[in-house]
Amino acid sequence: GAYGFFLKNRVYAFKNSCAGLFQFSSPAAPVILIFYYLGKEDIGFYFFVVQVVSAPAAILRRSLYHFVTAELSEGSSKQLIRVMLRYKILFILSLFLVFFAVIILYFFGADIFGFVFGGEWARSGGLAWFVALYFFIDTAMQPFCSLLALWGKENLYFGIEVLRFFLVFFVQLVKIIPLNR
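Residues numbered from 1 in each chain as written. Predicted model: local features only at pLDDT ≥ 70, side-chain atom pairs only at ≥ 80, totals over all residues. Heavy atoms only, no water.

## Re the overall build of the chain
We count it as follows: Secondary structure is summarised from DSSP: a helix means a run of H or I of at least four residues, a strand means a run of E of at least two, and numbering begins at the N terminus for each. Each residue's exposure class comes from its accessible area (1.4 Å probe, protein chains only) as a fraction of the maximum for that residue type: buried when under 20%, exposed when over 50%, partly exposed otherwise. The criterion used for residue contact is that any of the two residues' heavy atoms lie within 4.5 Å. Computed with a 1.4 Å probe, the accessible areas rest on the Shrake-Rupley method; for each residue, only the protein chains presented here act as cover.
For the chain, the helix and strand inventory stands at seven helices and zero strands. The burial tally for the chain puts 37% of its 181 residues in the buried class. Pairs at least 24 residues apart make up 73% of the contacts formed inside the chain by residues separated by at least 6 positions. When the accessible area of the chain is evaluated, it comes to approximately 11300 Å², of which 72% is carbon and sulfur surface.

## Description of the environment of Val 11
Within the fold, Val 11 resides in helix H1 (residues 2–25). Residues Val 11 and Glu 154, 143 residues apart in the sequence, show an inter-C-alpha distance of 9.5 Å.

## Here's the deal with the packing of aromatic side chains
Applicable threshold: The aromatic pairing rule takes the rings of Phe, Tyr and Trp, using the six-membered ring of Trp, and pairs them if the centres are within 6.5 Å, calling planes under 30 degrees apart stacked, those over 60 edge-to-face and the rest tilted.
Enumeration over the complete set of coordinates arrives at 13 aromatic pairs. Seen from their ring centres, Phe 22 and Phe 166 are 6.4 Å apart, and the 45° between their planes marks the pair as tilted. Remark: Phe 166 occurs in helix H7 (residues 154–180) and Phe 22 occurs in helix H1; sequence separation between them is 144 residues. Here the aromatic rings of Phe 48 and Phe 113 are separated by 6.2 Å at their centres, their planes lie at 80°, and the arrangement is edge-to-face. In this pair, Phe 48 sits in helix H3 (residues 40–72) while Phe 113 sits in helix H5 (residues 88–117), placing the two residues 65 residues apart along the sequence. Accessibility classification places Phe 48 together with Phe 113 in one group, the buried group. Three or more aromatic residues link up through ring pairs in this structure, and these residues are Phe 45, Phe 48, Phe 113, Phe 117 and Trp 121.

## A look at helix H2 (residues 29–37)
Ala 29, Pro 30, Val 31, Leu 33 and Ile 34 are the residues of H2 that are buried. Directly after H2, the chain includes Gly 39, whose backbone phi takes a positive value near 135°.

## A few points about the side chain of Ser 124
Condition: Any N or O atom pair separated by 3.5 Å or less is treated as a polar contact, with the protein-specific requirement of one donor-capable and one acceptor-capable atom, and with residues adjacent in sequence counted only for side-chain atom pairs.
Mapping Ser 124 onto the fold places it in helix H6 (residues 122–150). Owing to a relative accessible area of 0%, Ser 124 belongs among the buried residues under this scheme. Engagement of the side chain of Ser 124 in a polar contact is seen with the backbone oxygen of Phe 45, the distance being 3.2 Å. When neighbours within four sequence positions are excluded, Ser 124 is seen to be in contact with Phe 45, Phe 48, Val 49 and Phe 113.

## What to know about the nonpolar core
Formally: The definition of a nonpolar core used throughout is a set of buried Ala, Val, Leu, Ile, Met, Phe, Trp, Tyr and Cys residues joined through side-chain atoms within 4.5 Å.
Within the largest apolar cluster, 26 residues are counted, with the highest numbers of intra-cluster contacts made by Tyr 46, Val 49, Val 53, Val 131 and Phe 135. Those elements that place two or more of their residues in this core are H2, H3, H5, H6 and H7. With near-sequence residues (within four places) excluded, Phe 135 lies in contact with Val 50, Val 53, Ser 54, Ala 57 and Arg 61.

Rendered as structure tokens:
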């Protein structure tokens, strides 16, 4: 019955639950560091940037997810490589555009946010490059990572989510500590 099904799949459920915990905790990791090193006001600036950047990223992620699941729904993990090669020009173009946007935001984010949203939000622009980079990486990874569990690659999925969590934490720590000094 149900109990037997649970016992049979408990390792699978545990690994996927832990991976999901890391996946959903990654965007919250910077909040802990911002609060500890900078303060409550900066958390507000961070969440403002997240709202501005996450909307376009969500649209792109949703489109990419539908594309990937449609292409791979009847196949196997070997098809993932074929899909990526088939659409490598789209991925390379996307990487170039994101790299360009991150560079622009890194150097001019505060000026852009100050101009578009008003001077009081300029400080948010200083965080925009990191948030944009995070959401792009998340947008590119999420559709493929979601399929890893379906293909029985729970360990790889878990490893990717743990790595992503600590990478976000580390990059944010490297970025925030100099701002505090």
